[in-house]
Amino acid sequence: MSVQKIGNSLPKKKVYYSFIVLYLMFMVDFMTRTGVNSLVPLIQEDLGLTDVQVGMLSSVVMIGMVIFVLPVTFFADRISRKKTVIVLSIFWGIAVLISSQTTSYETLLLTRFFVGVGCSGFAAVSTSMISGWFSEEQRGKALSIYDTAMDVGAAFAAAACGMIAGLMGWQTTLLFVGVLSLVITVFSFFIPDEKRHAKKEEIKTKSD
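Please read all numbers here as calculations on a predicted model, not as lab measurements.

Visitor: Can you walk me through the overall build of the protein chain in this structure?
Guide: Helix and strand content of the protein chain: 9 helices and 0 strands. Helices and strands in the protein chain line up, N terminus first, as α-α-α-α-α-α-α-α-α. Across the 208 residues of the protein chain, 44% fall into the buried class. For the protein chain, the accessible surface area stands at approximately 10,400 Å², while carbon and sulfur atoms represent 67% of it.

What follows is the structure in structure tokens.
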């Protein structure tokens, strides 16, 4: 796919690298949201939860996303989209790690809420970043490919989480997802910051 350079200074390889990193982050986003679904029977049995309590573990994620999606996107537009996706990924990664160490329903419910906070706005912000990287002719194709991360992430979560939980338990599974989130986040530190590139280009234009 052909790409447009940010500020005429971003190489194609940088765009492709950044796209892949965001794609992986979006996959893990859905893993953290849906991965717990395959763990429900184990969590319910281990903690002695009712069906209502189990249902809350899923719905509380959406509650966190709904409450924080507008503040997150506002922050991203005003400050930095790159910093926003990094903070969100770190936030949900830490929340999942904490949930892997708890045996309390109340703590698990709270950490699932924070997972929702971390996932809120990620899709909108990352999609906006990708739209700015690709040419108008290729933008639709790039975003279509990017959207597949949702299905891939959900499918991988069901398979991987179910397998790990069967072998080592639900807490180890959440630990795996949390560590994976933070590892992938490290690579996001090297994606471009659109505001910084725009500022550099403005300075360059004035100096010319």
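Visitor: It is not clear to me how the confidence of the model for the protein chain should be interpreted in this structure. Could you clarify?
Guide: Atom-level detail of predicted coordinates should not be read off regions where pLDDT is low. Per-residue confidence for the protein chain gives a mean pLDDT of 87; residues scoring 70 or more make up 88%. Note on residues 2-8: pLDDT is under 50 here. Beyond four places in sequence and across chains, it has 24 contacts. Predicted confidence for residues 196-208 stays below pLDDT 50, and this span has 6 contacts to residues more than four positions away or in other chains.

Visitor: Whenever I open this one, empty space enclosed by the protein confuses me. Can you help?
Guide: All chains considered together, the criterion is met by 1 cavity of 30 Å³ or more. Of the volumes computed, that of the largest cavity is approximately 30 Å³. Every residue along the wall of the largest cavity is listed here: Met-31, Thr-32, Gly-35, Val-36, Val-96, Arg-112, Cys-161, Leu-174 and Val-177. Only α1 (12-34) and α8 (170-188) provide two or more residues apiece to the lining of the largest cavity.

Visitor: What exactly am I supposed to notice about the packing of aromatic side chains here?
Guide: Between two aromatic rings, the relevant description is the distance of the centres plus the angle of the planes. On inspection of all chains with the given rule, the structure shows 11 aromatic pairs. The interplanar angle of 80 degrees and the centroid separation of 5.8 Å between the aromatic rings of Phe-19 and Phe-134 together place this pair among those described as edge-to-face. Highlighted residues: Phe-19 in helix α1 and Phe-134 in the loop between α6 (122-133) and α7 (136-168), separated in sequence by 115 residues. Here Phe-19 matches Phe-134 in class, with each residue buried. Their ring planes at 70 degrees and their centres at 6.3 Å tell us that Phe-68 and Phe-113 sit as a pair that is edge-to-face.

Visitor: Would you take a moment to explain α6 for this structure?
Guide: Because each turn of an α-helix spans 3.6 residues, side chains separated by three or four positions end up pointing in the same direction. The terminal C-alpha atoms of α6, which comprises 12 residues, lie 17 Å apart, in line with the 16 Å expected from a rise of 1.5 Å per residue. Within α6, the full set of buried residues consists of Phe-122, Val-125, Ser-126, Met-129, Ile-130, Ser-131 and Trp-133. In this structure, the buried residues of α6 make contact with α1, α3 (51-78), α4 (81-99), α5 (105-119) and α7.

Visitor: Any chance you could explain the environment of Leu-175 here in plain terms?
Guide: You can see Leu-175 is positioned in helix α8. Along the primary structure Leu-175 and Ser-99 are separated by 76 residues, whereas in three dimensions their C-alpha atoms are 8.1 Å apart. Excluding its chain neighbours within four sequence positions, the residues that come into contact with Leu-175 are Leu-97, Ser-100 and Gln-101.

Visitor: Whenever I open this one, the side chain of Ser-100 confuses me. Can you help?
Guide: Relative to the elements of secondary structure, Ser-100 occurs in the loop between α4 and α5. Given a relative accessible area of 2%, Ser-100 falls into the buried group. Only 2.5 Å separates the side chain of Ser-100 from the backbone oxygen of Leu-97, close enough to count as a polar contact. Separated by 3.0 Å, the side chains of Ser-100 and Gln-101 make a polar contact. If we skip the residues at most four places from it in the chain, Ser-100 touches Gln-171, Leu-174 and Leu-175.

Visitor: Would you take a moment to explain the pattern of salt bridges for this structure?
Guide: Pairing between side chains of opposite charge can happen when the charged atoms of each approach one another. On inspection of all chains with the given rule, the structure shows 2 salt bridges. Asp-29 is the salt-bridge partner of Arg-33, the closest N and O atoms lying 2.7 Å from each other. Separated by 4 residues within a single helix, Arg-33 and Asp-29 lie in helix α1, roughly one turn from each other. Residue Asp-77 pairs with Arg-81 through a salt bridge whose shortest N-O separation is 3.4 Å. A relative accessible area of 39% means that Asp-77 is categorised as partly exposed.

What counts, and at which threshold
Residues numbered from 1 in each chain as written. Predicted model: local features only at pLDDT ≥ 70, side-chain atom pairs only at ≥ 80, totals over all residues. Heavy atoms only, no water. Helix = DSSP H or I, 4+ residues; strand = E, 2+ residues; numbered from the N terminus. Buried < 20%, exposed > 50% of the residue type's maximum accessible area, 1.4 Å probe, protein only. Areas by Shrake-Rupley, 256 points an atom, 1.4 Å probe, with all protein chains shown as cover. pLDDT = per-residue confidence, 0-100. Contact = heavy atoms within 4.5 Å. 1 Å grid on protein atoms, 1.4 Å probe; cavity = no way out; pocket = protein on both sides within 12 Å on 5 of 7 lines; lining within 4 Å. Points joined across faces, edges and corners; volume = space filled by probe spheres on them. Phe/Tyr/Trp six-rings, centres within 6.5 Å; stacked < 30°, edge-to-face > 60°. Expected span 1.5 Å × (residues − 1). Polar contact = N/O pair within 3.5 Å; in protein donor to acceptor, adjacent residues only side chain to side chain. Salt bridge = Lys/Arg side-chain N within 4 Å of Asp/Glu carboxyl O.

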